[in-house]
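Working through the structure, step by step
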Amino acid sequence: VQAVAVVILAALAGPGLVAPDLTNNALPLYLSRPFSRIDYALSRLAVLLGLLALVSWIPAMVLMAIQTGMAGWGWLVDNWRLIAGTVGGLAAWTILVSLVALACSAYIRWRVLAGALVLGVFFLLSGAAEIIRRILEAPWLELINPAGAMYQLWCVWLGVEPPEGPSPAASALALVLMAVLVVFVLERKLRPVEVVS
């Protein structure tokens, strides 16, 4: 539930972070100061991560703190894997969703379309990957589904038997490659001067 809330909130808030600066040609003004493209991207990412943390890993931490307060420190020691898996998984998911939202905002300058693209990346891609996987009977196609790959990692981190499909290592590699691709898109689109060939 928290992972879906993160995607929906990112689709609503993410497109408003970069698209207006690109549409109004404000990026050259930002970058004319002692402020690099990396600083610009990290500042936008920090804003989105802070907002998404309010619905993802911060409530999970509060819930774990309440449980520890009621059950005692023994529960915390016995269930450290649950806490690490929940918080670490939600933090990794939040970072990936934030990067996708910023890239969609940079690539499509209309907020509504950028928000729709964020939802499409996570929901439509998930459905398309499942349909193609079942038709071709190829379990490795689950790797193009970010939610499916993340689910494999969550199962490992939480100590649950993962469902049949790609290995957790392959899922982690797929998520890292998705993040690298998104960072590459951001690097290409966040330029102070648009080059026309």
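On a predicted model such as this, the values are computed, not experimentally measured, just so you know.

For the protein, the count of helices and strands is 10 helices and 0 strands. Taken along the three principal axes of its C-alpha coordinates, the protein extends 60 × 45 × 25 Å. Counting across all 197 residues of the protein, residues that qualify as buried make up 37%. Considering only intrachain contacts with a sequence separation of at least 6, the fraction spanning at least 24 residues in the protein is 70%. Looking at charge distribution, the protein has the averaged site of its 11 positive side-chain charges lying 14 Å from that of its 10 negative ones.

So, about the packing of aromatic side chains. Enumeration according to the criterion identifies 2 aromatic pairs in this entry. With 5.3 Å between their ring centres and 70° between their planes, Trp93 and Phe122 make a pair best called edge-to-face. Linking Trp93 in helix 7 (residues 80–107) with Phe122 in helix 8 (residues 111–136), this pair joins segments that are 29 residues apart in sequence. Assigned by exposure class, Trp93 and Phe122 land together as buried. Aromatic side chains Trp93 and Trp154 sit 6.3 Å apart centroid to centroid with 45° between the ring planes, which places their arrangement in the tilted category. Taken together, the residues Trp93 in helix 7 and Trp154 in helix 9 (residues 146–158) connect sequence positions 61 residues apart. Each member of the pair, Trp93 together with Trp154, is buried. Members of the aromatic cluster, connected to one another through ring pairs, are Trp93, Phe122 and Trp154.

Further remarks concern the nonpolar core. With 37 residues, the main nonpolar core has Val18, Trp93, Val97 and Leu190 as its most contacted residues. For this core, the element with the most residues is helix 7, which contributes 11 residues. Look past the residues within four positions of Trp93 in its chain and what remains in contact with it is Ala3, Val6, Val7, Phe122, Pro146, Ala147, Met150 and Trp154.

Moving on to the environment of Ala128. Here Ala128 lies in helix 8. Once the C-alpha coordinates of Ala128 and Ile144 are considered, the two residues, 16 residues apart in sequence, prove to be 9.4 Å apart.

What follows deals with the confidence of the model for the protein. Mean pLDDT over the protein stands at 85; residues scoring 70 or higher make up 97%. Helix 10 (residues 168–189) holds the highest mean pLDDT among the elements of the protein, 90, whereas helix 3 (residues 27–31) holds the lowest, 73.

Calculation notes
- Residues numbered from 1 in each chain as written.
- Predicted model: local features only at pLDDT ≥ 70, side-chain atom pairs only at ≥ 80, totals over all residues.
- Heavy atoms only, no water.
- Helix = DSSP H or I, 4+ residues; strand = E, 2+ residues; numbered from the N terminus.
- Buried < 20%, exposed > 50% of the residue type's maximum accessible area, 1.4 Å probe, protein only.
- Contact = heavy atoms within 4.5 Å.
- Lys, Arg positive; Asp, Glu negative; His and termini not counted.
- Charge placed at Lys NZ, Arg CZ, Asp CG, Glu CD.
- Phe/Tyr/Trp six-rings, centres within 6.5 Å; stacked < 30°, edge-to-face > 60°.
- Core = buried A, V, L, I, M, F, W, Y, C linked by side-chain atoms within 4.5 Å.
- pLDDT = per-residue confidence, 0-100.

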